[in-house]
Amino acid sequence: MNQNKQFQANLTHARNLFREENAVIRIKELPTMIIGDLHGDLEALNTIISLKEELEPANIIFLGDYVDRGRNSAEVLSRLLELKIASPKNVFLLRGNHETKQMNEKREFFDELEDSDLFNFANIVFEEMPVAALINKKIFCVHGGIEDIRKTTAITKQNSFNYLWNDPSEIPGLNFSIRGRDIRTFGPDIVEGFLHLNDLQMIIRAHSSLDTGYKWWFGNRLLSIHSTLNNHGTPAKGAVCLIKTDQLEIYTYGKTEDGTRIIDKTRYYL
């Protein structure tokens, strides 16, 4: 089976799995590992898989943006789909803003495939992906951010735009974003209102390019993580986090003279 046929088979199988999942996944088992943007970075994915094998988490959540920018979008996505197919109840792939046709039809993902039918099918599959995840009823995971102060039960796959696109900001309230007309930034008051309404402790999201791999916001109420080793063409550190019963561990990795490896581990108490 050639590469594109295998990719299509993975998409078809995964689509059926995504269809069975709600817009918001609910996860109880810990530890759970959380991964940010990968953007076709095969080296970062290999590092993450090695770390996963070492830590043996009960679950792993990928927060989206699997394609574009990197040189191996199709291969990264196909391998992630294979992980999902192998462990459908323990591996979760959330949708990112690059898992939308408006973003990837003029970028590297389309150029890689060289097959418009397969490209269109991949974007149909993306629409079936879940939007967010709740860990232990306390931690809300999403690609971009929150839309407003509203219940998580209001989130649907059809109306997911702002959860894929919005960003945190130190400016209170909901404000217009430089990313686009319908995109918003959300301030610390919106985060506190959302967490209080849903009886949650914190938000973990991706979407922001970070040289350091992660960034805390709002007194550690929101964590941004970035898992690719490339920040718009510039080498960067990547990071993933591991949620335990009363701890959050952040593993940072980067390129060294000995290859890509873990260079730091930081523990926070929840």
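- Taking an unreviewed UniProt entry as the reference, the chain is identified by name as Serine/threonine-protein phosphatase PP1 catalytic subunit belonging to Methanohalophilus halophilus.

**Observations regarding the side chain of Ser160**
Here is step 1 of the chain: Within the element layout of this structure, Ser160 appears in the loop between strand E6 (139-142) and helix H7 (161-165).
Here is step 2 of the chain: If we skip the residues at most four places from it in the chain, Ser160 touches Arg95 and Val131.

**Considering the sheet that holds strand E16 (residues 247-256)**
Here is step 1 of the chain: The mixed open sheet is built from 6 strands, whose spatial order is E4-E3-E2-E15-E16-E17. Whereas interior strands pair on both sides, the edge strands pair on one side only; in this sheet they are strand E4 (91-93) and strand E17 (259-269). For this sheet, the mean angle separating the axes of adjacent strands, direction not counted, is 20°.
Here is step 2 of the chain: Where helix H2 (residues 42-55) meets the sheet, its contacts fall on strand E2 (32-35), strand E3 (59-62), strand E15 (238-243), E16 and E17, and the angle it forms with E16 comes to roughly 135°.
Here is step 3 of the chain: Across the sheet, helix H3 (residues 73-86) touches E3 and E4, and the angle it forms with E4 is around 135°.

**Looking at the nonpolar core**
Here is step 1 of the chain: Counting 38 residues, the largest nonpolar core has Phe7, Leu38, Phe62, Leu93 and Phe109 as the members making the most contacts within it.
Here is step 2 of the chain: Residue contacts for Leu38: discarding those within four places in its chain leaves Ala44, Leu45, Ile48, Phe62, Gly64, Asp65, Val76, Leu80, Ser227 and Thr228.
Here is step 3 of the chain: Ranked by size, the runner-up nonpolar core spans 23 residues in total, among them Ile135, Ile204, Ala206 and Ile250.

**What about H3?**
Here is step 1 of the chain: The end-to-end C-alpha distance of H3, which contains 14 residues, comes to 20 Å, matching closely the 20 Å that a straight helix rising 1.5 Å per residue would cover.
Here is step 2 of the chain: For H3, the set of buried residues is Ser73, Ala74, Val76, Leu77, Ser78, Leu80, Leu81 and Lys84.
Here is step 3 of the chain: Those residues of H3 that are buried lie in contact with helix H1 (3-19), H2, E3, E4, helix H5 (108-113) and helix H6 (116-126).

**Notes on the packing of aromatic side chains**
Here is step 1 of the chain: Summed over all chains, the structure comprises 8 aromatic pairs.
Here is step 2 of the chain: Seen from their ring centres, Phe7 and Phe109 are 6.5 Å apart, and the 85° between their planes marks the pair as edge-to-face. Placement of Phe7 in helix H1 and of Phe109 in helix H5 is noted, with a sequence separation of 102 residues between them. Exposure class is identical for Phe7 and Phe109. Each is buried.
Here is step 3 of the chain: With 4.9 Å between their ring centres and 85° between their planes, Phe110 and Phe119 make a pair best called edge-to-face.
Here is step 4 of the chain: A residue is classified by how much of its surface remains accessible, and Phe110, at 32% relative accessible area, is partly exposed.
Here is step 5 of the chain: Taken together, Phe7, Phe109, Phe110, Phe119 and Phe126 form an aromatic cluster joined through their ring pairs.
Here is step 6 of the chain: Above the ring of Trp217, the side-chain terminus of Lys215 is found at 4.1 Å from the ring centroid.

**Here we look at the environment of Ala86**
Here is step 1 of the chain: Here Ala86 shows up in helix H3.
Here is step 2 of the chain: For Ala86, a relative accessible area of 63% puts it in the exposed group.
Here is step 3 of the chain: Expressed as a C-alpha distance, the spacing of Ala86 and Thr260, which sit 174 residues apart in the sequence, is 26 Å.

Calculation criteria
- Residues numbered from 1 in each chain as written.
- Predicted model: local features only at pLDDT ≥ 70, side-chain atom pairs only at ≥ 80, totals over all residues.
- Heavy atoms only, no water.
- Helix = DSSP H or I, 4+ residues; strand = E, 2+ residues; numbered from the N terminus.
- Contact = heavy atoms within 4.5 Å.
- Pairing = 2+ DSSP bridges.
- Axes fitted to C-alpha atoms, helices over the stretch in contact; angles between N-to-C directions.
- Core = buried A, V, L, I, M, F, W, Y, C linked by side-chain atoms within 4.5 Å.
- Buried < 20%, exposed > 50% of the residue type's maximum accessible area, 1.4 Å probe, protein only.
- Expected span 1.5 Å × (residues − 1).
- Phe/Tyr/Trp six-rings, centres within 6.5 Å; stacked < 30°, edge-to-face > 60°.
- Lys NZ or Arg CZ within 6 Å of the ring centre and 35° of its normal.

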